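# Remarks on the overall topology
Listed below are the residues making up each chain.
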Amino acid sequence: MAIAVVVNDEGIVTPIVEGTILRIIQQDHSVEDLRNPALDLTEGRRGATLRKAIELGATTFVAPPETFCELSYKKAKEEQISFINIPANQSFAQVSEQLKSGTIQQSNELPADEVVASAPVTK
């Protein structure tokens, strides 16, 4: 079981399109950092980061509010991704400590008010 989380340069866990780093945490707590694929796109940004995380073996995604839009959330659920819902502005160090101590909960759902509307497709 690998866990995906997006963090910014200050080490704060951010919504999927805001952070510069896609971090994959392995079960042994080893960490792999990659450039967040969302940074290079103007559309499909959440989906691109989600796909990359899945390619890297992630089965869980750390999700502060507004991490997923309706489309990416639906895709994550189809891929049987579980979620670790956290408050905004938590540091990666805080989340990491909670993961190690087992005090953080996984869920198959996110609160509806934390999933943002998908942007309309424009052509």
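See the structure above.
Reference entry: report on the structure contained in this document. (Residues numbered from 1 in each chain as written. Predicted model: local features only at pLDDT ≥ 70, side-chain atom pairs only at ≥ 80, totals over all residues. Heavy atoms only, no water.)

### Here we look at the packing of aromatic side chains
- Per the counting criterion, the structure on display carries four aromatic pairs.
- Centroid distance F68 to F83: 5.5 Å. Interplanar angle 80°. Geometry classified as edge-to-face. Taken together, the residues span a long stretch of sequence, with F68 in the loop between β4 (58-63) and α2 (70-78) and F83 in strand β5 (residues 82-85) at a distance of 15 residues.
- Overall, the relative accessible area of 0% leaves F68 in the buried class.
- For F83, a relative accessible area of 0% gives the class buried. (Phe/Tyr/Trp six-rings, centres within 6.5 Å; stacked < 30°, edge-to-face > 60°. Helix = DSSP H or I, 4+ residues; strand = E, 2+ residues; numbered from the N terminus. Buried < 20%, exposed > 50% of the residue type's maximum accessible area, 1.4 Å probe, protein only.)

### Re the sheet that holds strand β1 (residues 2-7)
- Strand order in the open sheet made by the five strands is β3-β2-β1-β4-β5, with mixed pairing throughout. Here the strands that pair on one side only, and so sit at the sheet edges, are β3 (31-35) and β5. Along the sheet, successive strands turn relative to each other by an average axial angle of 25°, direction set aside.
- Across four bridges, the pairing between β4 and β5 is parallel. Bridge pairing in β5 places T60 opposite S82.
- Against the sheet, helix α1 (residues 45-55) touches β1, β2 (21-25), β3 and β4, its axis set at about 140° to β4. (Pairing = 2+ DSSP bridges. Axes fitted to C-alpha atoms, helices over the stretch in contact; angles between N-to-C directions. Contact = heavy atoms within 4.5 Å.)

### Focus on the pairing of β3
- Pairing of β2 with β3, which is carried by five bridges, proceeds in the antiparallel orientation. From the neighbouring strand, R23 faces β3, where its bridge partner is D33.
- Linking β2 back to β3 in an antiparallel pair, the connection comprises five residues, with H29 at a positive phi of about 75°.

### Things to note about the pattern of salt bridges
- Enumeration according to the criterion identifies five salt bridges in this entry.
- As a salt-bridge pair, D33 and R23 come within 2.6 Å of each other at their nearest N and O atoms. Taken together, the residues D33 in strand β3 and R23 in strand β2 connect sequence positions 10 residues apart.
- A residue is classified by how much of its surface remains accessible, and D33, at 42% relative accessible area, is partly exposed.
- According to the relative accessible area criterion, R23 is buried, its value standing at 13%.
- One salt bridge connects E55 with K52, and the closest N-O pair in it is separated by 3.8 Å. One end of the pair, E55, and the other, K52, are both in helix α1, three residues apart, so they sit about a helical turn from each other.
- Taking the relative accessible area as the measure of exposure, E55 reaches 60% and is therefore exposed. (Salt bridge = Lys/Arg side-chain N within 4 Å of Asp/Glu carboxyl O.)

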